[in-house]
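# Descriptive analysis of the structure
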Amino acid sequence: MSAHAHPRTLLTPAMRGVLERMARAGRPPLHALTPQQARAFYEAGSGVLDIPPHKMARVEALQIPTRDGATLHAELVVPHPHGPDDAHAAGHTPVPQPWPVLLYLHGGGFTIGSVATHASLCRHLAHLAHCAVLSVDYRLAPEHTFPTAVHDAWDALQWLHAQAPALGLDPARLAVGGDSAGGTLSIVTALQARDAGLPLRLQLLFYPGCAAHADTPSHRTFAHGFVLEADSIAWFFGQYLNTPAEREDWRFSPLNAPDLDGAAPVWMGLAECDPLVDEGVMMADRFRLAGVPVDLEIYRGVTHEFIKMGRAIPEALRAHQDAARALRLAFEGPAVPG
């Protein structure tokens, strides 16, 4: 971008249209709301630009116990079988195979968002990737501050691994993924899985938060008017963290992780016009330097949150397809030694 070009000129016409409609709607910024208001507001708006939810063969509400005696709500979705392997060959009903499964951790700055706000995305990924998806309502700030969400995500993965056979899922074909704050939690959970000897096939990361401070060039360039506002980032951090020192903890800023060797392979999808794009690229580079296979896609002319705008933004559907292809390949490949 030339020194004089306005960053808005980078946006696709469709993305610019979405931002103009948002501006005309005169919605209050998240940081002007209470966390409860922000949650309700996000919940109400989450389906407006999202694609309609795919029909699933199975939708199951599950309860996941945590280390401190709480219970997390989760939703398991299993797609309809399709493809030659599942056809009713020679009149015989096929024997159901255990499904590979993605543990999905939603975005929302550790403060907003839910299984419900990300249901369409999870169902579309399940449909496209031909895998089950378990989406988890980890506990949110400020009621539950750092590191509760980190603990909940890891407890959920361990529970999924243990319960997979009883749920018709394959414990040898697990992936973890999420968007934004959920991407942060996915990286941290994948590193804990590595340390515990629990092999994962893939980390599926949509524009994860990775850095301790919002101080990269993209944070300055896209601070205002690109969906994720600088003031909202500061507000999210303020809800989630107990002390400024916690920013440096690698479980909040995975770029500070001392060692990434042996982590699960990464598929990362970033938005070009997103404050988080630079730290995502830095994270991808660190994984590569540690010998972790990385597939990085940067979607041009779109903002943070674009993957939930499939009705309006063609790049959203492309990102779903790309992510699903990465999942399929990861699940089809040979097992990674634990």
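Residues numbered from 1 in each chain as written. Predicted model: local features only at pLDDT ≥ 70, side-chain atom pairs only at ≥ 80, totals over all residues. Heavy atoms only, no water.

When you line up the elements, Ser218 lands in helix α6 (residues 217-221). At 2.6 Å, the side chain of Ser218 and the backbone oxygen of Pro275 are in polar contact. (Helix = DSSP H or I, 4+ residues; strand = E, 2+ residues; numbered from the N terminus. Polar contact = N/O pair within 3.5 Å; in protein donor to acceptor, adjacent residues only side chain to side chain.)

As a further point, take the pairing of strand β4 (residues 132-136). In terms of burial, β4 is a largely internal element, five of the five residues being buried. Burial of β4 is two-sided: the residues Ala132, Leu134 and Val136 facing one way and the residues Val133 and Ser135 facing the other way are all buried. Where strand β2 (residues 71-78) lies against β4, four bridges are found, and the strand directions are antiparallel. Bridging across to β4, Val77 finds its partner in Val133. Bridge count between strand β3 (residues 99-105) and β4: five bridges; the pairing is parallel. When the sheet's bridge partners are listed, Val101 is paired in β4 with Ala132. The handedness of the β3 to β4 crossover, carried by helix α3 (residues 119-129), is right-handed. (Buried < 20%, exposed > 50% of the residue type's maximum accessible area, 1.4 Å probe, protein only. Pairing = 2+ DSSP bridges. Right-handed = clockwise from strand over helix to strand, strands pointing away.)

This paragraph deals with the confidence of the model for the chain. Mean pLDDT over the chain: 94, with 94% of residues reaching 70 or higher. Taken as a whole, residues 84-93 scores under 50 in pLDDT and shows six contacts with residues more than four places along the chain or in a different chain. (pLDDT = per-residue confidence, 0-100. Contact = heavy atoms within 4.5 Å.)

One broad trend across soluble globular proteins is that nonpolar side chains are buried collectively. Residues Tyr104, Leu204, Phe206, Phe287, Phe306 and Leu327 are the most contacted members of the largest nonpolar core, which totals 60 residues. Per-element accounting of this core gives the leading share, eight residues, to helix α9 (residues 314-332). Judged by nonpolar contacts, the second largest core, of 53 residues, contains Leu62, Ala132, Ala149 and Leu160. (Core = buried A, V, L, I, M, F, W, Y, C linked by side-chain atoms within 4.5 Å.)

Scanning the entire structure with this criterion turns up ten aromatic pairs. When the ring of Phe222 is compared with that of Phe226, the centres are 5.0 Å apart and the planes differ by 80°; the resulting orientation is edge-to-face. With a relative accessible area of 2%, Phe226 lands in the buried category. For the ring pair Phe237 and Phe252, a centre distance of 4.9 Å and an interplane angle of 85° mean the geometry is edge-to-face. With Phe237 in helix α7 (residues 230-240) and Phe252 in the loop between α7 and β7 (266-273), this residue pair connects regions lying 15 residues apart in the sequence. Residue classification places Phe237 among the buried positions, given a relative accessible area of 16%. An aromatic cluster is built from Phe110, Phe146, Phe237, Tyr240 and Phe252, whose rings are joined through pairwise contacts. (Phe/Tyr/Trp six-rings, centres within 6.5 Å; stacked < 30°, edge-to-face > 60°.)

Counted by the stated rule, this structure contains 14 salt bridges. Between Glu75 and Arg123 there is a salt bridge; the shortest N-O distance is 3.3 Å. Placement of the pair is Glu75 in strand β2 and Arg123 in helix α3, with a sequence separation of 48 residues. The two residues Glu75 and Arg123 agree in class, both being buried. Ionic pairing is found between Asp259 and Arg194, a salt bridge with its closest N-O pair at 3.8 Å. Separated by 65 residues along the polypeptide, Asp259 in the loop between α7 and β7 and Arg194 in helix α5 (residues 181-196) bring together distant segments of the chain. When its relative accessible area of 36% is taken as the criterion, Asp259 is described as partly exposed. Residue Arg194 is classed as partly exposed on the basis of its relative accessible area, which comes to 22%. In this structure, a network of salt bridges that share partners links the residues Asp68, Arg139 and Asp152. (Salt bridge = Lys/Arg side-chain N within 4 Å of Asp/Glu carboxyl O.)

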